[in-house]
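Observations on the three-dimensional arrangement
What follows is the residue order along each chain.
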Amino acid sequence: MPQDHPLPPPQDIARTLTGAGIFIFAQDAQLRYQWVENPPAGWEAQDISGKTDFDILPQATAAILDMAKRTALASRRAGWTELILGGEEDPHRFDFYLQPEVDPNGQPTGLLGLAIDVTYRHTTPANTEALARDSVHRSKNLLAMVQSLATQTARCTAYPDEFVEDFRGRIQVISRALDLQATSGRVRLSDIVAAEVEAPVADSGRVILTGGDFVFSANAALHIGLALHELGAATMQSDAAIHITADRMPQVDGYTAAPLRLRWEDSEVSAKDMHAFSRTLLERIAPAAVGGKAVFVVSNTGRSYELTIAPNEFG
Amino acid sequence: MQNGAIGVLNGLTILIVEDEYLIALEAQRIAEEAGAAQVILANAVEEVRKLLTSGVSIDVAVLDLRLGSEDASPLIHEFTTRNTPLIIATGLEADIPIGAILLAKPYRDADFVAVILSALKRPV
């Protein structure tokens, strides 16, 4: 029987949480995490489940959180509390909503909670000045990158129309990367693929994304976006199938943790005359930016591109 | 070469310390078109330290002070103690130490060449 107000799909709820920067969780009476949704950057749900705050956080931070939660459990009353976590070097201010769960006898069985990072609401004039300086620095760096893109694109195109088309496409990638960063602060692989591959080919059925939906740093998101744009641009006029997958590699020398492998495979057979700068973006710029390596292979049956991404660039 | 001077950096080894590879690539292009014999790219403080202790001879270094989240300013002292001419490339002029030679981002080819010649005390 149809409902008047059907529940939204779980993925829509998850996306909303990501956009709002809200982390929700459930813990048992011993304050072991039972499940988490949209954990903070750098955390995976499976790394948290079954553990306490003392298992996953610096002890001083865990002690603050643990005390707030035990107070909520003891009072059996739901409510908001504001906590500063992260220590003096990188303090973050969070609003926590903690809702104790009780059994029919009134005994606490655990709690449900949500956390919102509200650090940005508490900026001081000194912070504002620092933010302004940082903004100027980033803007000038971005202009220098755009200038480089313009020069390199011009060197690889023969006609003004071709330059405008290629340059505009690359500027659009930067623009979309900034949008993604601004709306979520964290950028998921599925968002990059949707923006740089699915939307341009206007046929999402041609694009298959498998593996983990990893979250990337702003830097990695931009350069992965540029790489996927270069690969996707060559398939705009064809019906080539595209398969993108991401997974963690085994621990390898040179990295402090397991890096990520992003792999693109397609059946595009008419893109052998890719511009030199496109190949430079794929084979030199993208890997250098994400602290990894890249291998790009063109064959008679299609193309494959594999990009290794350093652990500090994704979560 | 755009408004630069072909050959004026002939024979030089130039170190570019920059975390944005697109910007480093552009600096490399300008230096090579102006005749640099070798352009070395680095994007982290530790990488530069290893390079300096390896004995490689560097004629001039172009340093971005912010390498991602890393502060590269401790490298200034290491270059000056080696008497290596140093240029600070930055988007924020307030960042640079007093007396340092500034290369303001974004820069033109001619700006890049001019500050290198200035650092080397060669006539522009």
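Residues numbered from 1 in each chain as written. Chains lettered and ligands numbered in written order. Predicted model: local features only at pLDDT ≥ 70, side-chain atom pairs only at ≥ 80, totals over all residues.

Topic: the overall build of chain B
In terms of helices and strands, chain B carries 4 helices and 7 strands. Its helices and strands in sequence order give chain B the pattern β-α-β-α-β-β-β-α-β-β-α, from N to C terminus. Burial statistics for chain B: of 124 residues in total, 40% are counted as buried. (Helix = DSSP H or I, 4+ residues; strand = E, 2+ residues; numbered from the N terminus. Buried ≥ 20, exposed ≤ 12 C-beta atoms within 10 Å, placed from the backbone.)

Points about the overall build of chain A
When you go through chain A residue by residue, the secondary structure sums to 9 helices and 12 strands. Burial statistics for chain A: of 315 residues in total, 29% are counted as buried. Of the contacts made within chain A by residues no fewer than 6 positions apart, 55% connect residues no fewer than 24 positions apart. (Contact = placed C-beta atoms within 7 Å.)

Observations concerning the nonpolar core
If you look at the biggest cluster of nonpolar residues, it comprises 79 residues, and the most contacted ones within it are Ala286 of chain A together with Val62, Leu63 and Ile87 of chain B. Beyond its immediate sequence surroundings of up to four residues, Val62 of chain B is in contact with Ile14, Ile16, Val17, Ala27, Ile87, Ala89 and Leu103 of chain B. Ranked by size, the runner-up nonpolar core spans 5 residues in total, among them Phe23, Val36, Ile48 and Ala115 of chain A. (Core = buried A, V, L, I, M, F, W, Y, C linked by C-beta atoms within 7 Å.)

Comments concerning the packing of helix H8 (residues 218-233) of chain A against helix H9 (residues 276-289) of chain A
All names here are of chain A. Two numbers describe how H8 lies on H9: the axes approach to 9 Å, and their chain directions differ by 160°. What the angle tells us is that H8 and H9 run roughly antiparallel. Note on packing geometry: the crossing formed by H8 with H9 is left-handed. Residues Asn219, His223, Ile224, Leu226, Ala227 and Glu230 of H8 form the contact with H9, whose own contacting residues are Ser278, Leu281, Leu282, Ile285, Ala286 and Ala289. Its residues assigned to classes, the contact of H8 with H9 comprises 8 nonpolar, 3 polar and 1 charged. (Axes fitted to C-alpha atoms, helices over the stretch in contact; angles between N-to-C directions. Parallel < 35°, antiparallel > 145°, perpendicular 65-115°, else oblique. Left-handed = near helix turned anticlockwise from the far one by under 90°. Nonpolar A, V, L, I, M, F, W, Y, C, P; charged D, E, K, R; others polar.)

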